[in-house]
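Structure assessment
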Amino acid sequence: MTRDRAILHLHFTRPSFEVYAQLFTALADVSPVAQALPPEGALMDVTGALGYFDRTPAGLADLLQTRLLARYGLTVAIGGGPNRMLATMAAETCAPGEVRILDAGPEATGRFLRGRPVEALPGVGPVLARSLRRYGIESVGDLAGLPLATLQRIAGGSTGRLLHQRAQGIDPRGVTVAGPPTSIAASRRFDRDVLDPDEVRQALLGLAVDLGARLRTGHKTARTVELQITYADRSTTTRSRTLREATAHTPLLQETLYALFGALGLQRARIRAVTARVNGLAAAEHGFVQLTLDTATENNRTLEPVIDRANHRWGTGTVHPAALTNPKLRATRPPSLPEAGIRRLGG
């Protein structure tokens, strides 16, 4: 890591899949070193652009905000710093439209990190955060004050060494040039290892709802559905299935994820996380929908655009299947029209 590096982390406010794919053209006009962080983020190394545009990192952030708002109507929060970790952490403190650029000096870095909660540090998940708190470690400043040997006894050898570096503001990772993906993914990491298949299926329902909405909002369809199961020992199993026709229909995505999970035949497996991914994306206008005589299927297809518009206007998750919030409604099959649940935000 060098002190003169300038990294920006951009967080976009709910871009469609189509807009997200297009906006990297605007980013490349400022710096070719850009990395997609789908579905709402991007990293940029603007070190070389500082001299070319004769601007500070804050000035480049302002330029990017102006261009993205003018071209795509996007409101962008931007954090910046001498490495990607600090840039990301700075972005997490920004409201939409705000910019926060951290100075490269160790004193400024220390002041920023010292008061941040320990779980704000990349690599500290809920389980590790609880373990650290049992030792009275509440903030990144507390973590930075621990001897390396002590931290390694608490978190393990390699994890302890990594956290010790990050608590000091050190992150040697660079920005990898990578454009937007040709797939969309959604993940759910459980607070505890899960044994109950119904709880896993409920998580898969949530992933199907998320992926379906993102496909429809981006006017895309997908041809392949992939499921990855992560176990307590961090090993994984991945299965995929190619659909007979491309779709953005949530119940079909849900059925496919359930079938992939059921085919694994897991018995008492401790599951830590599930990830669903859709591949083979194509523009929705190039696809077709097979008509059915099933009333529930046709009702769901009619209802989906209405739900998407409501969620876009009132916030993601305003309207969702009741099985996601009501434990008495087990997510064992695709929800029919009467099972749609409505949650009023703030009420």
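All of the points below concern the structure found in this document. Predicted model, so just to flag it, every value in this text is computed and none were measured. (Residues numbered from 1 in each chain as written. Predicted model: local features only at pLDDT ≥ 70, side-chain atom pairs only at ≥ 80, totals over all residues. Heavy atoms only, no water.)

1. Description of the packing of aromatic side chains
Taken as a whole, this structure holds 3 aromatic pairs when the rule is applied. An angle of 75° between the planes, with centres 6.2 Å apart, marks the rings of F12 and Y20 as edge-to-face. The two residues F12 and Y20 agree in class, both being buried. Between Y52 and F53 the ring centres are 5.1 Å apart and the planes differ by 75°, which places this aromatic pair in the edge-to-face class. Exposure remark for Y52: the relative accessible area of 70% places this residue in the exposed category. Taken together, the ring pairs in this structure connect F12, Y20 and F24 into an aromatic cluster. (Phe/Tyr/Trp six-rings, centres within 6.5 Å; stacked < 30°, edge-to-face > 60°. Buried < 20%, exposed > 50% of the residue type's maximum accessible area, 1.4 Å probe, protein only.)

2. Considerations on the environment of M44
Following the sequence through the fold, M44 ends up in strand 3 (residues 41-45). Distance from M44 to P32, taken between C-alpha atoms, is 8.2 Å for residues 12 residues apart in sequence. For M44, the residues in contact, after removing those within four places along its chain, are A6, I7, L8, L10, L27, V30, S31, V33, A34, L64 and V175. (Helix = DSSP H or I, 4+ residues; strand = E, 2+ residues; numbered from the N terminus. Contact = heavy atoms within 4.5 Å.)

3. Things to note about the environment of P96
On the secondary structure map, P96 appears in the loop between helix 4 (84-92) and strand 5 (99-101). Taking the C-alpha atoms as reference, P96 lies 6.2 Å from T75; in sequence the two are 21 residues apart. The contact partners of P96, leaving out residues within four places of it in the chain, are T13, T75 and A77.

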